[in-house]
Amino acid sequence: MRPEILVLALAAVLLLLHIQVAIRVKTKQYGTDWNMGPRDAEMPEPGPVVGRLERARDNFLETLPIAIIALFGVVITGKAGTTTAIAGWIWLGARAVYLPLYWTGVPKVRTLVWGIGLAAILTVLGVLFFG
């Protein structure tokens, strides 16, 4: 299996982690009846941790399609290689580190880690377009 495809498979696991962590913390705030119900009623604002976890998940969901296109693109075009594999792993690592940084409210470093992930995926896109 190409490393880029493995990175994408692990990104799916990371997405499941994002979803599960966010919903478990939200369920802790609103209760099991809310979680198992239709969720139609207006609820109080989520607590800060719930909000951060939801924003981290949403951010991952915004960037994941770009990674899928870039990483899958280099594989199907035959442009995958050491550079795209390393960049893919850096992107995944940055995204994995981003979750606990956002969860715990660490400023600035979180943004730096996001930027590292962006640079990595832009590297893959560069190979896709120009490599």
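One can find the structure itself at the top, above this paragraph.
An account of the accompanying structure is given in this report. The structure displayed is predicted, hence computed values, not measured ones. (Residues numbered from 1 in each chain as written. Predicted model: local features only at pLDDT ≥ 70, side-chain atom pairs only at ≥ 80, totals over all residues. Heavy atoms only, no water.)

**Looking at the packing of helix 4 (residues 82-103) against helix 5 (residues 109-130)**
How we decide: Axes here mean lines fitted to C-alpha atoms, for a helix over just the part in contact, with angles spanning 0 to 180 degrees between N-to-C directions. Runs of H or I in DSSP of at least four residues are treated as helices and runs of E of at least two as strands, each being numbered from the N terminus. Any angle that is under 35 degrees is reported as roughly parallel, and any over 145 degrees as roughly antiparallel; angles of 65 to 115 degrees are reported as roughly perpendicular and all others as oblique. Left-handed describes a crossing whose near helix is turned anticlockwise from the far helix by less than a right angle; the clockwise case is right-handed. Pairs of residues are marked as contacts when any of their non-hydrogen atoms sit within 4.5 Å. Charged residues are taken to be Asp, Glu, Lys and Arg, nonpolar residues to be Ala, Val, Leu, Ile, Met, Phe, Trp, Tyr, Cys and Pro, and polar residues to be all remaining types, Gly included.
In the contact formed by helix 4 and helix 5, the axes pass within 8 Å of each other and the chain directions differ by 155°. Considering the angle they form, helix 4 stands roughly antiparallel to helix 5. Considering the relative orientation of helix 4 and helix 5, their crossing is left-handed. Taken together, the residues of helix 5 that come into contact with helix 4 (itself represented by Thr83, Thr84, Ala87, Gly88, Ile90, Trp91, Ala94, Arg95, Val97, Tyr98, Leu101 and Tyr102) are Val109, Arg110, Val113, Trp114, Ile116, Gly117, Ala120, Ile121, Thr123, Val124 and Val127. For the contact of helix 4 with helix 5, the per-class residue count stands at 16 nonpolar, five polar and two charged.

**Some points on the nonpolar core**
Note the cut-off: For our purposes a nonpolar core is just a set of buried Ala, Val, Leu, Ile, Met, Phe, Trp, Tyr and Cys residues, chained together by side-chain atoms within 4.5 Å. For the exposure calls, accessible area comes from a 1.4 Å probe over protein chains only, and a residue counts as buried if that area is under 20% of its type's maximum, exposed if over 50%, partly exposed in between.
The biggest cluster of nonpolar side chains holds 20 residues, and the ones touching the most others in it are Phe60, Leu71, Trp91, Ile121 and Val124. Broken down by secondary-structure element, the contributors of at least two residues to this core are helix 1 (3-30), helix 3 (48-76), helix 4 and helix 5. Sequence-distant contacts of Phe60, defined by excluding residues within four places in its chain, comprise Ala11, Leu14, Leu15, His18, Trp91 and Arg95. Judged by nonpolar contacts, the second largest core, of 10 residues, contains Val21, Ala94, Tyr102 and Val113.

**Thoughts on the pattern of salt bridges**
This is how it is decided: Between Lys or Arg on one side and Asp or Glu on the other, a salt bridge is scored when a side-chain nitrogen of the former is within 4 Å of a carboxyl oxygen of the latter.
Taken as a whole and judged by the stated rule, the model has three salt bridges. One salt bridge in this structure joins Glu4 and Arg2, with 3.1 Å as the shortest N-O distance.

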